[in-house]
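# Inside the fold
The residues making up each chain are set out below.
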Amino acid sequence: MKRLLAAGLATLSTVTLIAQAPGAGKAPDWQKLRPEILERYRDLVKIDTTAGRETLAVEYLKKTLEAEGIATQTFALDPKRANLVARLKGNGTKRPLLILAHTDVVGVQREKWPVDPFGAVMKDGYIWGRGSKDDKPVLVANLITMLMLKRSGVALDRDVIFLAESGEEADLTGVGINYMVREHFTDIDAEFAMTEGGGATTDGARVTRVNIGTAEKLPARARLVASGTAGHGSVPRLDNPLMHLGAAVDKVGRWETPMRLNETTRTYFEKLAAISAPERAAIYRALLDPKTAAGAQQFLREHSQGEYSMLRTSVVPTLLKAGVGANVIPSEAEATLDIRALPGEDIDKFYAEMGRVIADPAVRVVPIPQTRPPSPASRIDTDMFRVMERAAKTIYPAAAVLPSMSTGASDQAQLRAKGIQSYGIGPAATESDALNYPAHGDVERLAESSLYPFVQYVWTVVTEIAEHK
Ligand SMILES: [Zn+2]
């Protein structure tokens, strides 16, 4: 079924045009669906699912899916933190598609909120609430997609698996994706997955950019431990561990680790150059040429730290621990480094190289056990990526579509490590909203106008990749 239109054809009337495209007999009436999308989204935001309460959302999802004849299964290592799986069967000619979202949200400081953080209050064109961005838009888009697939009776070439997982934000006991991958992988195994980890930028009137997440960095933290001789604060010693640690922290913090582009980041900067203002475009182009890359990197280091971090394995000192009293030289001092490794980085070699940069036998590099597996980047030449790109251009005709690498970490790492080609999505936000109301920020909110096209985007991708043609 072909319902996609040429990019640039539709603007304000995208929704109607798509509904009327040839062969789109089964396409939902998006205008009519809005109240249901909004209601279910607000229902989910109203459920306080801070760590340890995820089963509350699972109960809601179970009730909603089963009311429409979609069977569900729950898997719980901790009964308060259940995961839910639902599967719509295809004819098996293609391997499954997994659409997943985490149900948990980070905590709130209520005094920072102008409204009830679990009220899903509607004000100024926004829905306000913890989880309104992270990750309940994806959760509701996946839910609505399942409901609409079932209601329309669309025939599928591949199973569509819905997973609502717990403990993405805080999974110290491994109740969420780690548990599912370890104990119940056959229930979620798929060729492709789609979940949080991408996003879109709008200027308020139209979406100008869509990022499809195809890769992420790996947290590979380490401690620096400096040792010396304990002594009296009145007697200076050259082996004072604070001095050695201070020098080492300064060196690694300023260390310019090697720049390395991968398929995702190279494509990202190429496409970014094509849509940026001339001055900025010149920077991105300079980055892609080894002869001019050094100057461009310096510019990004000062003016666009997120992009600078995409170029390399990064080392950021984040914690210091030393000393017992103002008159005591301690025998040990330590710092924690938040190291974020590029996909494919040989991390043991990297630690050894860092030791050479520090060049001080009094300071040891001590790796901190990793919480996520190393994961390769997902490919950008798959049917899934192409479908996502095409759907993005249909739903957001004015947008440039870029593959992107997150400098943060997500549950896609566990999926990619198991060989699933996994892709990140997210609803559109203005640059100012992304800055002032970010995921995990003091206050979270989503523009209502971003919600509906996002749900439509998810549905379009899922039907395009899974439907029997
Ligand atoms: Zn999230």
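See above for the structure.
Let me sum up the structure you'll find in this document.

### Regarding helix α16 (residues 448–466)
- For α16, spanning 19 residues, the distance from its first C-alpha to its last is 28 Å, which sits close to the expected 27 Å at 1.5 Å a residue.
- Taking burial as the measure, the 19 residues of α16 include 16 buried ones, the bulk of the element.

### Topic: the coordination of the zinc ion
- The coordination sphere of the zinc ion contains the protein donors His102 (NE2), Asp134 (OD), Glu196 (OE) and Glu196 (OE), at a distance range of 1.8 to 2.7 Å.
- Geometry at the zinc ion is irregular, judged from its 4 donor atoms and the angles of 52 to 148° they form at the metal.
- Mapped onto the polypeptide sequence, the residues donating to the zinc ion form the spacing pattern H-x31-D-x61-E. Taken as a pair, His102 in strand β3 (residues 97–102) and Asp134 in the loop between β5 (126–128) and α4 (136–152) lie far apart in primary sequence, 32 residues in all.
- Note on Asp134: relative accessible area 8%, which makes it buried.

### Considering the pattern of salt bridges
- Summed over all chains, the structure comprises 35 salt bridges.
- Asp124 serves as the salt-bridge partner of Lys123, at 3.6 Å between the closest nitrogen and oxygen.
- What makes Lys123 partly exposed here is its relative accessible area of 32%.
- With a shortest N-O distance of 2.9 Å, Arg379 and Asp381 are connected by a salt bridge.
- One salt-bridge network, in which partners are shared between bridges, spans Glu36, Arg40, Glu68 and Arg151.

### Let's talk about the packing of aromatic side chains
- All chains considered together, the criterion is met by 8 aromatic pairs.
- Ring centres of Trp128 and Tyr437 lie 5.7 Å apart, and the angle between their planes is 85°; on these two criteria the pair is classed as edge-to-face. Highlighted residues: Trp128 in strand β5 and Tyr437 in the loop between α15 (431–436) and β20 (445–447), separated in sequence by 309 residues.
- Given a relative accessible area of 4%, Trp128 falls into the buried group.
- Here the aromatic rings of Phe385 and Tyr423 are separated by 6.2 Å at their centres, their planes lie at 50°, and the arrangement is tilted. In this pair, Phe385 is assigned in helix α13 (residues 383–395) and Tyr423 in strand β18 (residues 421–425), connecting sequence segments 38 residues apart.

### Details of the sheet that holds β5
- Spatially, the 3 strands line up as an open sheet ordered β4-β5-β20, and their pairing is antiparallel. One side of each edge strand has no neighbouring strand; the edge strands of this open sheet are β4 (121–123) and β20. Going from strand to strand, the sheet's axes swing by 25° on average, the running direction of each strand aside.
- Direction of pairing for β4 relative to β5: antiparallel, over a ladder of 3 bridges. When the sheet's bridge partners are listed, Val121 is paired in β5 with Trp128.
- Against the sheet, α16 makes contact with β4, β5 and β20, and its axis sits at roughly 70° relative to β20, the strand it touches most.

### So, the nonpolar core
- Ranked by size, the top nonpolar core spans 70 residues in total, and within it Phe162 and Tyr457 carry the most contacts.
- Broken down by element, this core gets its largest block of residues, 11 residues, from α16.
- Sequence-distant contacts of Tyr457, defined by excluding residues within four places in its chain, comprise Ile212, Met388, Ala391, Ala392, Ile395, Tyr396 and Ile425.
- The next biggest cluster of nonpolar side chains, apart from the first, holds 22 residues, and it includes Ala220, Leu337, Ile347 and Ile358.

### Examining the packing of helix α7 (residues 241–254) against helix α12 (residues 347–358)
- Interhelical geometry of α7 versus α12 gives an angle of 120° and a closest axis separation of 9 Å. Taken together, α7 and α12 sit at an angle that is classed as oblique. Between α7 and α12 lies a crossing of right-handed hand. Here Ala248, Lys251 and Val252 of α7 lie close against α12, whose contacting residues are Met354, Val357 and Ile358.

### Things to note about the side chain of Thr265
- Structurally, Thr265 is set in helix α8 (residues 263–275).
- Sequence-distant contacts of Thr265, defined by excluding residues within four places in its chain, comprise Met310 and Met405.

### Considering the packing of α8 against helix α9 (residues 278–287)
- Relative to each other, α8 and α9 sit at 155°, their axes nearing to 8 Å. In this view, α8 runs roughly antiparallel relative to α9, as classed from their interaxial angle. Crossing of α8 against α9: the hand is left-handed. Taking contact as the criterion, the partners of Phe269, Leu272, Ala273 and Ala274 in α8 are, on α9, Ala281, Tyr284, Arg285 and Leu287.
- In terms of residue class, the contact of α8 with α9 is made up of 7 nonpolar, no polar and 1 charged.

### Looking at the side chain of Thr382
- Take Thr382: it is sitting in the loop between β16 (363–367) and α13.
- Relative accessible area serves as the criterion here: at 3%, Thr382 is assigned to the buried category.
- Within the structure, Thr382 has its side chain in polar contact with the side chain of Tyr423 (distance 2.7 Å).
- Sequence-distant contacts of Thr382, defined by excluding residues within four places in its chain, comprise Phe192, Gln421 and Tyr423.

Parameters and conventions
- Residues numbered from 1 in each chain as written.
- Predicted model: local features only at pLDDT ≥ 70, side-chain atom pairs only at ≥ 80, totals over all residues.
- Heavy atoms only, no water.
- Helix = DSSP H or I, 4+ residues; strand = E, 2+ residues; numbered from the N terminus.
- Expected span 1.5 Å × (residues − 1).
- Buried < 20%, exposed > 50% of the residue type's maximum accessible area, 1.4 Å probe, protein only.
- Donors = N, O, S within 2.8 Å, 3.2 Å for Na, K, Ca; no water.
- Tetrahedral: all angles 85-135°; square planar, octahedral: opposite > 155°, others 65-115°.
- Salt bridge = Lys/Arg side-chain N within 4 Å of Asp/Glu carboxyl O.
- Phe/Tyr/Trp six-rings, centres within 6.5 Å; stacked < 30°, edge-to-face > 60°.
- Pairing = 2+ DSSP bridges.
- Axes fitted to C-alpha atoms, helices over the stretch in contact; angles between N-to-C directions.
- Contact = heavy atoms within 4.5 Å.
- Core = buried A, V, L, I, M, F, W, Y, C linked by side-chain atoms within 4.5 Å.
- Parallel < 35°, antiparallel > 145°, perpendicular 65-115°, else oblique.
- Left-handed = near helix turned anticlockwise from the far one by under 90°.
- Nonpolar A, V, L, I, M, F, W, Y, C, P; charged D, E, K, R; others polar.
- Polar contact = N/O pair within 3.5 Å; in protein donor to acceptor, adjacent residues only side chain to side chain.

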